[in-house]
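# Fold and geometry: a report
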Amino acid sequence: MDVSEWLVVNALPGMGALRISQLAARKPRWPEGWLAALPSNAASALRLWLEHPERSPLQQCVDDALAWQQGGHHRHILHRHHPAWPELLNELPDPPAILWAQGDLAALNGPTLAMVGTRKPTSEGSANAQGFARELACRGWCIVSGMALGIDGIAQRAALNAGGSSIAVLGCGVDVIYPARHRDLHEQLSQAPGGLVLSEHPPGTAARPAFFPRRNRIVTGLSLGTLVVEATEKSGSLVSARLALEQGKELFAVPGSLHNVQAQGCLHLLRNGATLVRHADDIVEELQQWAGHFLPQAGHGQADYDQTGHQQAGRDQLAAASSSSIPSSLPPRESEPLPDTLLNALSATPVPIDVLVHNTGETVSGCQQRLLMLELDGWVAQQAGGWVRLPRP
């Protein structure tokens, strides 16, 4: 089947991803087998398109899609017979029939890891997302996420800035920038080597709340495993975690402080069997048996990787990368004296005011006054979950 035929199947009335997948798994002949197996209304619509395409509303869907694809060399329409189609998606019970793609299809060639987390990360969570994404990208891994605010966007920027690959799966059309604050990231993913934007929705489709949980199945379905960096107990990231487990994928979580509200979701996952990770090696060791055929062997395929540039840049940066992905809570302190001993009770992990009062023996009002002065001087900041000590410039 060619792209036009898959576009028509995708647009048939009364058909969804699950029914199309179930029918495609039977490998019916085109078009006779499809006509025989489709529900009556879908079969009638297909027959009209086959016999009189100019009278069929399905032809407009085909024309619009092909016109969009021809509008730029970085635009692609993927289906299960396309050479770049990610085979991991075929393991889903309801893979999309069509994926609109914008960017570098080479991003689909490497081993993939989904990275998800809260939209309001702490400074520690942000640093962990950057560290893991950067080192994994330097090792040839592609970071898959949803281009959302917070952990998603932080991880994807870090991967691309390290010369690696990243795929964003959107809950809208690939040409729709959502959230609007990620306009620059969307541009980078669409145009930079190693960047790719995917969606099962046609270009121009606006974001809708119902699209995002469905989007998550593609994020995890594209990936060999999923890493939850930081999340509350009710975070949408836990939906991705559940989907990863349902799909039989490895689930990883970064541990956090008991007092950090933003870490409670990760602690919950760890308590229920997720793999605790301290650095990138923990992930690579768990997934190496599946990732091996994606990664080039020494002396083989080198030229293909060097032609695009971003893979070689990632290898160059790997030599300078730290062996540990999780940065220390705070950088080493110089001889600068601390203006307040209260700083000794703070780190990059948020500390609630009641815990601070208990640990220091100070009164609530006393702590609040001292924290206010330290905040004005740029030593501390209040984040979700409590107060953190800021690194000095």
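Use the structure listed above.
Predicted model only: the values in this text are computed from it and were never measured.

## With respect to the packing of aromatic side chains
For the coordinates displayed, the defined rule picks out three aromatic pairs. Consider the rings of Trp6 and Trp34, whose centres lie 6.1 Å apart with planes at 85 degrees: the pair is edge-to-face. Of this pair, Trp6 sits in helix α1 (residues 3-11) while Trp34 sits in helix α3 (residues 32-37), and the two are 28 residues apart along the sequence. Exposure remark for Trp6: the relative accessible area of 2% places this residue in the buried category. A centroid spacing of 5.6 Å and a plane angle of 40 degrees characterise the contact between Tyr178 and Phe212, whose relative ring orientation is tilted. With a gap of 34 residues between them, Tyr178 in the loop between β5 (165-169) and α8 (183-191) and Phe212 in helix α9 (residues 211-221) connect regions that are remote in the sequence. By relative accessible area, Phe212 is classed as buried at 17%. Ring pairs connect the aromatic residues Trp6, Trp30 and Trp34, which therefore count as one cluster.

## Thoughts on the sheet that holds strand β2 (residues 99-103)
Strand order in the open sheet formed by nine strands is β1-β2-β6-β5-β4-β3-β7-β8-β9, and the pairing between neighbours is mixed. Edge positions in the sheet fall to β1 (75-78) and β9 (275-276), since each of these pairs with one other strand and no more. Alignment of strand β3 (residues 112-116) against strand β7 (residues 225-228), held across four bridges, turns out to be parallel. Looking at the pairing, Met115 lines up with Leu227 of β7. Contacts from helix α11 (residues 264-271) reach β7, β8 (250-253) and β9 within the one sheet, and its direction differs from that of β8 by about 135 degrees.

## A few points about the environment of Arg181
By the element assignment, Arg181 lies in the loop between β5 and α8. As for Arg181 and Ala148, which are separated by 33 residues in sequence, their C-alpha atoms are 9.6 Å apart.

## Looking at a nonpolar patch on the surface
A cluster of nonpolar residues, Leu372, Met373 and Leu376, forms a patch on the protein surface that exposes about 330 Å² of accessible area. The residue Leu376 is located in helix α16 (residues 364-376) in this model.

## Notes on the packing of helix α6 (residues 123-138) against helix α12 (residues 280-291)
Each packed pair of helices is defined by two parameters, the angle between the axes and the distance between the axes. Relative to each other, α6 and α12 sit at 50 degrees, their axes nearing to 10 Å. As judged from the angle between their axes, α6 and α12 are oblique. Considering the relative orientation of α6 and α12, their crossing is right-handed. Two secondary-structure elements touch here, α6 through Phe132, Glu135 and Leu136 and α12 through Ala280, Ile283 and Val284.

## Points about unusual backbone geometry
The residue after Trp30, namely Pro31, is reached through a cis peptide bond having omega -5 degrees. Within the secondary structure layout, Pro31 lies in the loop between α2 (17-24) and α3. The omega torsion of the bond from Tyr178 to Pro179 falls at 0 degrees, within 30 degrees of zero and hence cis. Looking at the secondary structure, you find Pro179 in the loop between β5 and α8. The phi angle at Lys27 is positive, at roughly 50 degrees, despite the residue not being glycine. Here Met147, not a glycine, exhibits a phi torsion of approximately 60 degrees, which is positive. Assessed through its relative accessible area of 0%, Met147 is described here as buried.

Cut-offs used in this document
- Residues numbered from 1 in each chain as written.
- Predicted model: local features only at pLDDT ≥ 70, side-chain atom pairs only at ≥ 80, totals over all residues.
- Heavy atoms only, no water.
- Phe/Tyr/Trp six-rings, centres within 6.5 Å; stacked < 30°, edge-to-face > 60°.
- Helix = DSSP H or I, 4+ residues; strand = E, 2+ residues; numbered from the N terminus.
- Buried < 20%, exposed > 50% of the residue type's maximum accessible area, 1.4 Å probe, protein only.
- Pairing = 2+ DSSP bridges.
- Contact = heavy atoms within 4.5 Å.
- Axes fitted to C-alpha atoms, helices over the stretch in contact; angles between N-to-C directions.
- Patch = residues over 30% accessible without salt bridge, like charges linked within 9 Å, V, L, I, M, F, W, Y side chains within 5 Å.
- Areas by Shrake-Rupley, 256 points an atom, 1.4 Å probe, with all protein chains shown as cover.
- Salt bridge = Lys/Arg side-chain N within 4 Å of Asp/Glu carboxyl O.
- Parallel < 35°, antiparallel > 145°, perpendicular 65-115°, else oblique.
- Left-handed = near helix turned anticlockwise from the far one by under 90°.

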